[in-house]
Amino acid sequence: MRILVVEDEKDLQRLLKKALTDAGYVVDVASDGEEGHHLGDTEPYDAVILDLGLPKMDGVTVLERWRKSKRTMPVLILTARDRWSDKVAGFDAGADDYLAKPFYTEELLARLRALLRRAAGIATADIEIGPMRIDTRSSRVTVDGNPVKLTSLEYRLLAYLAHHKGRVVSRTELTEHLYDQDFDRDSNTVEVFVGRLRKKLGVDVIHTVRGLGYRLDTPGLGGHDSEHHGTGHHDTDHAED
Ligand code: CA
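Residues numbered from 1 in each chain as written. Predicted model: local features only at pLDDT ≥ 70, side-chain atom pairs only at ≥ 80, totals over all residues. Heavy atoms only, no water.

Tracing the chain through its elements places H37 in helix α2 (residues 33-42). When neighbours within four sequence positions are excluded, H37 is seen to be in contact with M57, V62, R65 and W66. (Helix = DSSP H or I, 4+ residues; strand = E, 2+ residues; numbered from the N terminus. Contact = heavy atoms within 4.5 Å.)

Position of D180 among the secondary structure elements: in the loop between α7 (171-178) and α8 (187-201). On the basis of relative accessible area, D180 is assigned to the partly exposed category, the value being 23%. For the pair D180 and E43, spaced 137 residues apart in sequence, the C-alpha separation works out to 9.8 Å. (Buried < 20%, exposed > 50% of the residue type's maximum accessible area, 1.4 Å probe, protein only.)

This part covers the nonpolar core. If you look at the biggest cluster of nonpolar residues, it comprises 51 residues, and the most contacted ones within it are M132 and L201. Per element, the largest residue contribution to this core is 8 residues, and it comes from helix α6 (residues 152-163). When residues of this core are sorted by domain, at least three fall in each of domain 1 (2-120) and domain 2 (126-239). Beyond its immediate stretch of four places on either side in the chain, M132 contacts I127, V141, T142, V143, L158, L201, V205 and L216. V6, A30, W66 and A95 belong to the second largest nonpolar core, which has 21 residues in total. (Core = buried A, V, L, I, M, F, W, Y, C linked by side-chain atoms within 4.5 Å. Domains from an automatic or database assignment.)

A word on the sheet that holds strand β9 (residues 146-148). By definition, the strands of a sheet pair up through backbone hydrogen bonds, in either a parallel or an antiparallel sense. One open sheet accounts for 4 strands, arranged β6-β7-β8-β9; its pairing is antiparallel. The strands lining the two open edges of the sheet, one partner per strand, are β6 (126-129) and β9. Adjacent strand axes in the sheet meet at a mean angle of 25° when their direction is disregarded. Along the sheet face, α6 touches β6, β7 (132-135) and β8 (140-143) and points at about 105° away from the line of β7. (Pairing = 2+ DSSP bridges. Axes fitted to C-alpha atoms, helices over the stretch in contact; angles between N-to-C directions.)

The next point concerns α6. Owing to its 3.6 residues per turn, the α-helix brings residues three or four apart onto one side. For α6, with 12 residues, the first-to-last C-alpha span of 16 Å sits near the 16 Å given by 1.5 Å per residue. Among the 12 residues of α6, 11 are classified as buried, and the element is accordingly described as predominantly covered. Among all positions in α6, only L153, E154, Y155, R156, L157, L158, A159, Y160, L161, A162 and H163 are buried. (Expected span 1.5 Å × (residues − 1).)

Now for the sheet that holds strand β4 (residues 75-79). Ordered in space as β2-β1-β3-β4-β5, the 5 strands form an open sheet in which the pairing is parallel. The sheet is open, and its two borders are formed by β2 (26-30) and β5 (97-100), each paired with just one other strand. Adjacent strand axes in the sheet meet at a mean angle of 20° when their direction is disregarded. As paired strands, β4 and β5 are joined by 4 bridges and run parallel to one another. Among the inter-strand pairings, T79 is bridged to a residue of β5, identified as A100. Across the sheet, helix α3 (residues 59-68) lies against β1 (2-6), β3 (47-51) and β4, angled at about 150° from β3, the strand it touches most.

Written out as structure tokens, the structure reads:
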């Protein structure tokens, strides 16, 4: 999951970046409203944390412009101004949630998880797919109750697919959501990570959809394109061989 933080206070910016990175998110940071607006308008984010009091363009205007140009990602507004009128303006501009400074990092992370779940139509913090269970609070994954040890990138990949369960996700889309803006992206590496992830999970939940990408679903629901994951030979995804 890739998160945009628009915040001009350097200390808070650092704190947010660290907390979010530690929690397994990919984070881009903008220090003023114009930069924030531009990033949110051009890059695909899974959620945005947006300060209201910003240089160059205030947060409410940033949000209004995004919504006007049909950018629908969940937005959590963060501000020192705990006045009811600011909250109303924020929600009316298209905010999904609100947190007043100072705040507890744990609460921010919990609200962010809730926003991401809601956007994905998931009701609880545990995502279950067949015998696999993903605890999005602790970033822990089990298969048949046994813990699976994943690297942070592997977890990010799995969590992204899980939040788009049942939908085909292209390699390009995955690459865009797994790395921040400064990363030298190469969609071929996604294949390698998918291969490793499949091996570690040992259960057929990541289905290859030939020529299109991947779909996470219950084992057996992969359709004709993914019946041969176990062998790997008949698949377009050779990274697992
Ligand atoms: Ca500010």
